[in-house]
Amino acid sequence: MAYTRDEIFNKLSDFVAQQFIVEKDEINMDESLIDQGVIDSLGLIEITTFIEKQFGVTVVEEDMTRENFGSMNKMVDHIFRAVNK
Amino acid sequence: MTDNIKRCTKCVLSASFPNINFDENGVCNFCRDEMYHTADEDVLDKSKEEIIRRFESGKGKSQYDAVMCYSGGKDSTYTLMLAVEKYGLNVLAFTFDNGFISPVAFENINRVAESLNVDLLTIRPSLKFMKKLIRASSFNPVYTKRTLTRISSNCNSCITMVNILALRMALEKKIPFILAGFTLGQIPLNTIIYKNNYRFFQDSRKPILDKLRKAVGDEIDKYMCIDEPLLDSVTEDPYNVNLLCIEEISEEKILEKIRKTGWTQPEDVDGCSSNCRLNAFNNFIHEQTLGYNPYELELSHLIKNDLLTREEALEKIQDKSETQVNAIIEELNITPDELSSLKEIYKKK
């Protein structure tokens, strides 16, 4: 299923806000969620599983980098590239 | 039973829980499904299917099929029973002795391991180290406030060590599964089964490790790090599986089943624990620091899923023994000044 970048952003940010008990406007979209204290390592697992289940994007070992998961915008870009391959 | 704390009228989340709000009937946003999903049929069904599929393909290929993080508490005892009796796994039970396990819990551990015919391995760090770690986790902002919505700081330190030690064992012995007795509410919904890639999560653990190293020294690395040569030798990462999350079972039924192995409830622990003498102290520290009990979310999840009544949950939260708390305060030589500093820990940030 194809998603626009905005759709991906909205779904991911809704998930993060609800599951990590945070207001969307509290999140800096260009900074690491870990560095901001929004998630811990369990949170990272939760996000990767959500990405797999929601967007059908399998997160393989090579994808597990700071470049792909280092911020909300980086995650959105990674998902966008993967769903539009 | 009542207490003076303002709580949701349906679950036990209190007014101090982060980002909580109540409607005109006193029902919170967690009960209204607006915050933090702890149950989703679709996710549960998919996790169940994946667990069965992975067990079928992963069984019988190593010395052990699974390493089970076995605390001796009721949930991990029942999970161990499920692993052996329901799923037919060849399990290595692993107990982390933090120096504060109830003697009755140890009797349970030995009795249950014997009755299920599983190998048992215990790791016990020095008491001096453990005391330093408990102090560090109690009086420093080691974990984020969001992590602490479902667990106390001291419990999280122990569980982090348990997880890393179990992962190290799995990697060394090429064991494909790591089991634990977590329930939903204690862990997030999407983490019922996941591939445990140490290096991927290394970055996320760094801020915690840095704070703990500063407080207790490099000895923490023995329990919270895995050596590079071992990581380089990994060909397949193990899966962490939380079997209890896919069972719809009440606490009463769990107790009924585990009692058949000779398991008994220790008397020297609080209402939220069935193995650890530190728990009452950990909850006390959490309440003093953040204003709410660390079991509120887990118990509320159980209430929401009809696995516990609100009255039973309140009873658990209110079953806190001052004697148990004071005994630990004395054992750790904690001063009144230190205790009065707790409210400021997360304000300093």
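Above this text you will find the structure in question.
Calculation criteria
Residues numbered from 1 in each chain as written. Chains lettered and ligands numbered in written order. Predicted model: local features only at pLDDT ≥ 70, side-chain atom pairs only at ≥ 80, totals over all residues. Heavy atoms only, no water. Helix = DSSP H or I, 4+ residues; strand = E, 2+ residues; numbered from the N terminus. Rg over C-alpha atoms; globule rule 2.2 N^0.38 Å. Contact = heavy atoms within 4.5 Å. Areas by Shrake-Rupley, 256 points an atom, 1.4 Å probe, with all protein chains shown as cover. Lys, Arg positive; Asp, Glu negative; His and termini not counted. Charge placed at Lys NZ, Arg CZ, Asp CG, Glu CD. Buried area = accessible area lost by both parts, 1.4 Å probe. Salt bridge = Lys/Arg side-chain N within 4 Å of Asp/Glu carboxyl O. Expected span 1.5 Å × (residues − 1). Buried < 20%, exposed > 50% of the residue type's maximum accessible area, 1.4 Å probe, protein only. Polar contact = N/O pair within 3.5 Å; in protein donor to acceptor, adjacent residues only side chain to side chain.

When helices and strands are counted, chain A shows four helices and zero strands. Traced from its N-terminal end to its C-terminal end, chain A shows the element sequence α-α-α-α. Scaling as 2.2 N^0.38, a compact globule of 85 residues should have a C-alpha radius of gyration of about 12 Å, and chain A matches this with 12 Å. Overall, chain A is about 30 × 25 × 20 Å in size when its C-alpha atoms are taken along their principal axes. The contacts in chain A between residues at least 6 apart in sequence include a share of 59% that link residues at least 24 apart. Roughly 4,100 Å² of accessible area belongs to chain A as shown, and the carbon and sulfur atoms make up 45% of that amount. Each charge sign in chain A was given a centre, from 8 positive and 17 negative side chains, and these centres are 5 Å apart.

Every contact between the two is made by 30 residues of chain B and, on the other side, 26 residues of chain A. Between chain B and chain A, a total of about 2,500 Å² is buried, with carbon and sulfur atoms accounting for 59% of that surface. When the area that chain B buries against chain A is broken down by residue, the three leading residues are R146, N190 and F200 of chain B, summing to 29%. Taken together, the connections running from chain B to chain A amount to one salt bridge.

With that settled, consider helix α2 (residues 74–86) of chain B. Residue and element names in this part refer to chain B. End to end, α2 covers 17 Å across 13 residues, agreeing with the expected 18 Å (1.5 Å per residue, within 8%). Most of α2 is tucked away, with ten of its 13 residues classed as buried. What α2 keeps buried is the set K74, D75, S76, T77, Y78, T79, L80, M81, L82 and A83.

To continue, consider the environment of N68 of chain A. Residue and element names in this part refer to chain A. With respect to the helices, strands and loops of the structure, N68 is situated in helix α3 (residues 66–69). For N68 and H78, which are ten residues apart along the polypeptide, the C-alpha to C-alpha distance reads 5.6 Å. Setting aside residues up to four positions removed in sequence, N68 forms contacts with D63, K74, M75, H78 and R81. Looking at N68, its side chain comes within polar contact range of the side chain of H78, at 3.5 Å.

Let's shift gears to the side chain of K74 of chain B. Residue and element names in this part refer to chain B. As for its placement among the helices and strands, K74 is situated in helix α2. By relative accessible area, which is 15% here, K74 ends up buried. Polar contacts involving the side chain of K74 include one to the side chain of D75, which spans 3.2 Å. In contact with K74, other than residues within four places in its own chain, are E251, I254, L255, I258, W263 and S274.

Okay, the pattern of salt bridges next. Residues and elements named next belong to chain B. Under the criterion given, the structure shown has 26 salt bridges over all chains. Here K74 makes a salt bridge to E251, at a shortest N to O gap of 3.9 Å. Of the two residues, K74 is situated in helix α2 and E251 in helix α9 (residues 251–258); the sequence distance between them amounts to 177 residues. A salt bridge links R199 to D232, with the nearest nitrogen and oxygen atoms 2.7 Å apart. With a gap of 33 residues between them, R199 in helix α6 (residues 198–216) and D232 in helix α8 (residues 228–232) connect regions that are remote in the sequence. Here the salt bridges share partners, and the residues they tie into one network are K74, D75, E251 and K316.

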